[in-house]
Structures are given as C-alpha cells and as structure tokens.
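# Chain and residue survey
Given next are the chains, with one letter for each unit.
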Amino acid sequence: MPTTATTTLLREVRDEVRQHFRGGRVIVAVDGRDGAGKAEFADGLAEAFGELDIAAFRASADGFHRPRAERYARGLGSAEGFYRDSYDYETMRRVLIDPFRDGAQTSATTGFQLAAWDADRDAPVESRWVTAPADAVLVIDGIFLLRPELRGLWDFSLWLDVPVERAFARLSERRGIPADPKAPSNARVHLGQELYESEAWPVAVASIIIDNVDPSRPRRVSGPAHPRRDAH
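Okay, so let's go over this structure.

### Here we look at the packing of aromatic side chains
- Using the criterion set out here, one finds nine aromatic pairs in the structure.
- Plain terms: the ring middles of Phe57 and Phe112 are 5.4 Å apart, the flat faces sit at 85° to each other, and that makes the pair edge-to-face. With Phe57 in strand 2 (residues 55-60) and Phe112 in strand 3 (residues 112-113), this pair connects stretches of sequence that are 55 residues apart. Taken as a pair, Phe57 and Phe112 share a single burial class, namely buried.
- Each ring, one from Tyr83 and one from Phe144, has its centre 5.0 Å from the other, and the planes form 75°; the classification is edge-to-face. In this pair, Tyr83 sits in helix 4 (residues 79-85) while Phe144 sits in the loop between strand 7 (136-141) and strand 8 (156-161), placing the two residues 61 residues apart along the sequence. Phe144 shares its class with Tyr83; the two are buried.
- Among the aromatic residues, ring-to-ring pairing joins Phe82, Tyr83, Tyr87, Tyr89, Phe144, Trp159 and Tyr196 into one connected group.
- When the ring centre of Phe100 is taken as reference, the NZ or CZ atom of Arg25 above it lies at 4.9 Å.

The following block contains the structure:
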C-alpha cells in the first residue's frame, strides 16, 4: 500500500496488535455507527497484515443477518428490532468464530465460513468453507460488535468515531435515505444505534478509538490499548 495518513495509521494498529499477539489465531473487530466507514477501514487493516505475509481474512456482521421476517418481527420502524434482532450471532459463532479458533488448537485444516446469509436476497449464501494456517488474523466489521455478549470473542477491537450527522450524510449518499438522523424514516437505525450505545457503551470498551470523520486522515484518539483474551 502507498504511504498515506490512512495507511500509516493502519500499519500502526497492525503493529500494535502484533505486539500483543505474536502468533496464533487473532480476531480484530471494527465497530462504529452505520456510516462510520467500518468496512473500508477493516479492508485496509487486513491488507496491512498481508504486507507482513500474515494470513488475513475478512468477514462482516452483515454476512450473518437474520431472515427478513425475524429482523422486522417487532415492526418495520422498531429500534428494538434493529438492535436486538438484526444479526444471527449463534450462526456466526458456529460457522466462523469457533472453527476459526479451533483451527489453531486442533488442526489448521479446520474450515470456517466468512458469511452465511445474503440480506439482499433474503436467502442463505452458498456454503464456502475456507481454511487458514495456524497463525492467522480475522478482521470482522459491523455495528453492535461490542455488545456485552460478544466482547469476549475479540482479541482486539476498534471503535470508529463519527458524529451521527456525518454518518447519516454518508448513508444518504450511499443509500439515498434522508441525511437528517431525526427524519421519521431513519428512526429504526438512529434510535437503534442510540439504544446500543446507551446500553453497551462501546466507546468505553474498545481497545482503541479512531476518529474517522475524514477517512483520508483518520487519527487515533484513545489511550493505551487493552486487548482481551478472556475468550480462550
């Protein structure tokens, strides 16, 4: 990757992860509001690991949505439904997180799936099992990843901090929704994310916080990292 403000930070984060975890299977979570730039940042971080010939895999919580009928069971505009019913964490653990971990402890040939559900088609994705060497990194992005029941899954986590107004401006450009977070049609997402942040306080538990207001010049704003190993 060329040297830019973004790639410099990505390499710094990569090197910090490596300082804490020299080998084995490592999972890094990239959380943040919808529109914070999580997928792009996670892609870049995986590429930064690849520069060191470290096997890096990418997944997204969006590959583990629940079926549409389950996601909207509480109503099309339900903030509760958005936060509590959007994702199938049981499947994510069963086909991705657990087998990725097991590959380092038993056999590097243990297979795992990087996605299970296509939300656009509202149908399962074709099962594609991949394998990794004993030393590998999985970078997963998504909203709600630092909720209490998931925190122990990640060795290292990032919160991409972007003001709500800026995040919805990006979503407006990407999806054609109103840019005003308080628009009635945005209530499900806006209030659902507020519910998550008020209940889970992700900014307080992330290993590091990245100001991603300007994706071309992200900057670290948190103190010392605090990686986790309580999942093992």
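### What about the side chain of Gln113?
- In this structure, Gln113 sits in strand 3.
- Look at Gln113 and you get buried, because its relative accessible area is 7%.
- Beyond its immediate chain neighbours, meaning those up to four positions away, Gln113 contacts Phe64, Val95, Leu96, Ser127, Arg128 and Trp129.

### A few points about the pairing of strand 9 (residues 208-211)
- Here strand 9 shows no split at all, with Ile208 and Ile210 on one side and Ile209 and Asp211 on the other all buried.
- In terms of strand pairing, strand 8 meets strand 9 through four bridges, oriented parallel. Among the inter-strand pairings, Trp159 is bridged to a residue of strand 9, identified as Ile209.
- Where strand 9 and strand 10 (residues 219-220) come together, two bridges link them in antiparallel fashion. Along strand 10, the bridge assignment pairs Asp211 with Arg219.

### Describing the pattern of salt bridges
- Enumeration over the complete set of coordinates arrives at 19 salt bridges.
- Arg14 is the partner of Asp15 in a salt bridge, and the nearest nitrogen-oxygen pair spans 2.9 Å.
- Note on Arg14: relative accessible area 7%, which makes it buried.

### Side note on the packing of helix 1 (residues 5-20) against helix 2 (residues 38-50)
- One way to put it is that helix 1 packs onto helix 2 with a least axis distance of 9 Å and a crossing angle of 60°. When the axis of helix 1 is compared with that of helix 2, the two are oblique. For the crossing formed where helix 1 meets helix 2, the hand is right-handed. Contact residues: Leu9, Leu10, Val13, Arg14, Val17 and Arg18 in helix 1; Phe41, Gly44, Leu45, Ala48 and Phe49 in helix 2.
- Of the residues assigned to the contact of helix 1 with helix 2, the class counts are eight nonpolar, one polar and two charged.

### Describing the sheet that holds strand 8
- Strand order in this open sheet of six strands is 2-7-1-8-9-10, and the pairing throughout is mixed. For this open sheet the edge positions go to strand 2 and strand 10, each flanked by a neighbour on one side alone.
- Those strands touched by helix 1 are strand 1 (25-32), strand 8, strand 9 and strand 10, and its axis lies near 155° from that of strand 8.
- Here helix 2 sits on the sheet and contacts strand 1, strand 2, strand 7, strand 8 and strand 9; the angle it forms with strand 7, its principal contact strand, is near 170°.

### Structural notes on helix 6 (residues 164-175)
- Counted at 1.5 Å a residue, the expected span for helix 6 with its twelve residues is 16 Å, and the 16 Å between its end C-alpha atoms agrees.
- If you check which residues of helix 6 are buried, you get Ala167, Phe168, Arg170 and Leu171. For helix 6, the angular spread of the buried residues around the axis is 155°, confining them to a single face. Of the exposed residues in helix 6, those oriented more than 90 degrees away from the buried face are Glu165 and Glu173.
- Buried residues belonging to helix 6 abut helix 7 (187-200).

Conventions we followed
- Residues numbered from 1 in each chain as written.
- Predicted model: local features only at pLDDT ≥ 70, side-chain atom pairs only at ≥ 80, totals over all residues.
- Heavy atoms only, no water.
- Phe/Tyr/Trp six-rings, centres within 6.5 Å; stacked < 30°, edge-to-face > 60°.
- Helix = DSSP H or I, 4+ residues; strand = E, 2+ residues; numbered from the N terminus.
- Buried < 20%, exposed > 50% of the residue type's maximum accessible area, 1.4 Å probe, protein only.
- Lys NZ or Arg CZ within 6 Å of the ring centre and 35° of its normal.
- Contact = heavy atoms within 4.5 Å.
- Pairing = 2+ DSSP bridges.
- Salt bridge = Lys/Arg side-chain N within 4 Å of Asp/Glu carboxyl O.
- Axes fitted to C-alpha atoms, helices over the stretch in contact; angles between N-to-C directions.
- Parallel < 35°, antiparallel > 145°, perpendicular 65-115°, else oblique.
- Left-handed = near helix turned anticlockwise from the far one by under 90°.
- Nonpolar A, V, L, I, M, F, W, Y, C, P; charged D, E, K, R; others polar.
- Expected span 1.5 Å × (residues − 1).
- Arc of directions from axis to C-beta.

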